[in-house]
Amino acid sequence: MKFVRFLMKNVALANVPKHIDHFSKFSPSPLSIKQFLDFGSTNACEKTSFMFLRQELPVRLSNIMKEINLLPDRLLGTPSVQLVQSWYVQSLLDILEFYNRNPNDHRVLSGFTGALITIRNRHNDVVPTMAQGVIEYKESFCEDSITSQNVQYFLDRFYMSRISIRMLINQHTLIFDGTTNPAHPKHIGSIDPDCEVVDVVRDAYESAKLLCDQYYMDSPTLEVDQHNAVSGSGAVHIVYVPSHLYHMLFELFKNAMRATVENHESSPSLPPIKVRVSLGGEDVTIKMSDKGGGVPLSKIDRLFSYMYSTAPTPHLGSSGGAPLAGFGYGLPISRLYAKYFQGDLQLYSMEGYGTDAVIYLKALSKDSVERLPVYNKSAWRHYQHNHEADDWCVPSSDPKNLAVHKIQH
């Protein structure tokens, strides 16, 4: 019996490239928060969700798996990236087990929910493991600008794909596992249909403050206000995924607190961090302002780069401390959370003074549509080597001596 299972597993693995080629020919189907909400609250049908996900999840997995294979061989060959690839292959096979199963069989539906939970748990460490792969590559080989650009392009799309896959899995498992979340009984899956933004701001601040107090024995206070231009007054509410918003705010608070404390070591008191929340007709905007000394313009882009982390390498699977501490992935992944539903995250800094971090979200749930990577020729071209010369002059630190270029009369 063990030999039969061994043969079947090998046959399944041999068919993986064929499955990836097949499903990557389809484009992912982006959903809006309104569609997630309407489906979960009024038309919650486990059979319909099952039939959608057994097609959509292989499409999303296969699209990004095609791109993994376009990475440089030296990066693909690192143990950590190979481990991540193996997780994706196994998860694809797990879902395809249900591709021709009977959706009217309750045991099939229950088994599918269990498989999704297994997949979600399997992928818990995808972000730090892929980050470890980048570190392994950097330690073994010299970096070059083309590889750095390709890695940045890929990881933005890879992590965005991961966010979207977890969103689909969480919605299905939270709605159809037969229980209600006692802490959030009004949530539809992971979505809060009446999310009070300032409450999430305060939650994220308190968590970051706890870390800051532990490390520095001090922390800046919070000043928060809100402006509702739609109703003229009252709190700002939004249909959103609170865990996503919390992730963004927690990361920004950590950065603002660290900069503020370190920039005012000799001061008798710390200046507060100020947050303003504004609701307009199209956007919800959250601006966080600190007096942490700012960052020079030349270094802003590096804060969002996966290849520029200068922090010490953390240990995978270690508990305690801030999430992703040491990989330098907090800001780039926070920006992906903002962009996932058509928002954005931007930094505006004044070197010598402080930084404004601004989160933009869509005010209307129908406009909050998933931003999903798709594998096509346009994506493929991004990974091709481009040796063309830059069409802008490169500034020199040693300018020409114009005296030797005088016109001869």
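K.L.:
Explain the overall build of the protein here, please?
P.N.:
Tallying secondary structure elements over the protein gives 14 helices and 7 strands in all. Burial analysis of the protein (409 residues in total) assigns 45% to the buried set. When contacts within the protein are restricted to residue pairs at least 6 apart in sequence, those whose partners lie at least 24 apart make up 80%. Put simply, the protein shows about 22100 Å² of open surface, and 53% of that area lies on carbon and sulfur atoms.

K.L.:
How should I be thinking about the packing of aromatic side chains in this particular structure?
P.N.:
The relation between two aromatic rings is expressed through the spacing of the ring centres and the mutual angle of the planes. Within this structure, the stated rule accounts for 17 aromatic pairs. With a centroid separation of 6.4 Å and an interplanar angle of 75 degrees, the aromatic rings of Phe 39 and Phe 176 are classed as edge-to-face. Pair noted here: Phe 39 is in helix α3 (residues 33–41) and Phe 176 is in helix α9 (residues 145–176), with a separation of 137 residues, a long-range link. What makes Phe 39 partly exposed here is its relative accessible area of 25%. Ring pairs connect the aromatic residues Tyr 88, Phe 154, Phe 158, Tyr 159, Tyr 306 and Tyr 329, which therefore count as one cluster. Over the aromatic face of Phe 98 sits the side chain of Arg 101, whose NZ or CZ is 5.2 Å from the ring centroid. Above the plane of the ring of Phe 304 lies Arg 335, whose end atom (NZ or CZ) is 4.1 Å from the centre.

K.L.:
Looking at this structure, I do not really get the pattern of salt bridges. What am I missing?
P.N.:
Oppositely charged side chains are able to pair whenever their charged atoms sit close together. A full pass over the atoms with the stated rule returns 13 salt bridges. We note a salt bridge from Lys 254 to Glu 251, for which the minimum N-O separation is 3.3 Å. Here Lys 254 and its partner Glu 251 are both found in helix α11 (residues 242–263), 3 residues apart, which amounts to about one turn of the helix. There is no split in this pair, since Lys 254 and Glu 251 are both buried. The salt bridge involving Lys 362 is made with Glu 282; its shortest N-O contact spans 3.6 Å. Residue Lys 362 is located in strand β7 (residues 354–362), and its partner Glu 282 is located in the loop between β4 (273–279) and β5 (283–290); the two are separated by 80 residues in the primary sequence. Since its relative accessible area comes to 18%, Lys 362 is described here as buried.

K.L.:
What am I meant to see in the sheet that holds β4 here?
P.N.:
Within a sheet, adjacent strands bond to each other through the backbone by hydrogen bonds, running parallel or antiparallel. Pairing is mixed in the open sheet, where 5 strands are placed in the order β2-β4-β5-β7-β6. Each of the sheet's edge strands pairs with one partner strand only, and the pair in question is β2 (222–228) and β6 (344–350). Neighbour-to-neighbour, the strand axes of this sheet turn through a mean angle of 15 degrees, independent of strand direction. Alignment of β4 against β5, held across 6 bridges, turns out to be antiparallel. In the sheet register, Val 275 faces β5, and the bridge partner there is Met 288. Each of β2, β4 and β5 touches helix α10 (residues 197–216); the most contacted strand, β2, lies at about 165 degrees to it. α11 contacts β2, β4, β5, β6 and β7 of the sheet and is inclined by roughly 20 degrees relative to β5.

K.L.:
It is not clear to me how the side chain of Thr 147 should be interpreted in this structure. Could you clarify?
P.N.:
Within the fold, Thr 147 resides in helix α9. For Thr 147, a relative accessible area of 6% corresponds to the buried category. Those residues within four positions of Thr 147 in sequence are excluded, and the remaining contacts are Pro 72 and Tyr 137.

K.L.:
Explain the environment of His 237 to me, please; I cannot follow it from the model alone.
P.N.:
Residue placement: His 237 occurs in strand β3 (residues 237–240). Distance in space between the C-alpha atoms of His 237 and Pro 193 is 8.7 Å, their sequence separation being 44 residues. Not counting residues up to four positions away in its chain, the partners in contact with His 237 are Asp 194, Cys 195 and Glu 196. Within the local environment of His 237, its side chain forms a polar contact with the backbone oxygen of Ala 235, the two atoms lying 3.5 Å apart.

K.L.:
It is not clear to me how the nonpolar core should be interpreted in this structure. Could you clarify?
P.N.:
Inside soluble globular proteins, nonpolar side chains tend to come together where they are buried. Of all hydrophobic cores here, the largest spans 106 residues; its most connected members are Leu 155, Phe 158, Tyr 159, Leu 249 and Phe 253. The element best represented in this core is α9, accounting for 12 residues. For Phe 253, the contacting residues outside a window of four places in its chain are Val 201, Ala 204, Tyr 205, Ala 208, Leu 222, Ile 273, Val 275 and Met 288.

K.L.:
Can you help me understand the environment of Ile 117 in this one?
P.N.:
Positionally, Ile 117 belongs in helix α7 (residues 106–122). Exposure remark for Ile 117: the relative accessible area of 29% places this residue in the partly exposed category. Taking the C-alpha atoms as reference points, Ile 117 and His 172, 55 residues apart in sequence, are found 9.8 Å from one another.

About the cut-offs
- Residues numbered from 1 in each chain as written.
- Predicted model: local features only at pLDDT ≥ 70, side-chain atom pairs only at ≥ 80, totals over all residues.
- Heavy atoms only, no water.
- Helix = DSSP H or I, 4+ residues; strand = E, 2+ residues; numbered from the N terminus.
- Buried < 20%, exposed > 50% of the residue type's maximum accessible area, 1.4 Å probe, protein only.
- Contact = heavy atoms within 4.5 Å.
- Areas by Shrake-Rupley, 256 points an atom, 1.4 Å probe, with all protein chains shown as cover.
- Phe/Tyr/Trp six-rings, centres within 6.5 Å; stacked < 30°, edge-to-face > 60°.
- Lys NZ or Arg CZ within 6 Å of the ring centre and 35° of its normal.
- Salt bridge = Lys/Arg side-chain N within 4 Å of Asp/Glu carboxyl O.
- Pairing = 2+ DSSP bridges.
- Axes fitted to C-alpha atoms, helices over the stretch in contact; angles between N-to-C directions.
- Polar contact = N/O pair within 3.5 Å; in protein donor to acceptor, adjacent residues only side chain to side chain.
- Core = buried A, V, L, I, M, F, W, Y, C linked by side-chain atoms within 4.5 Å.

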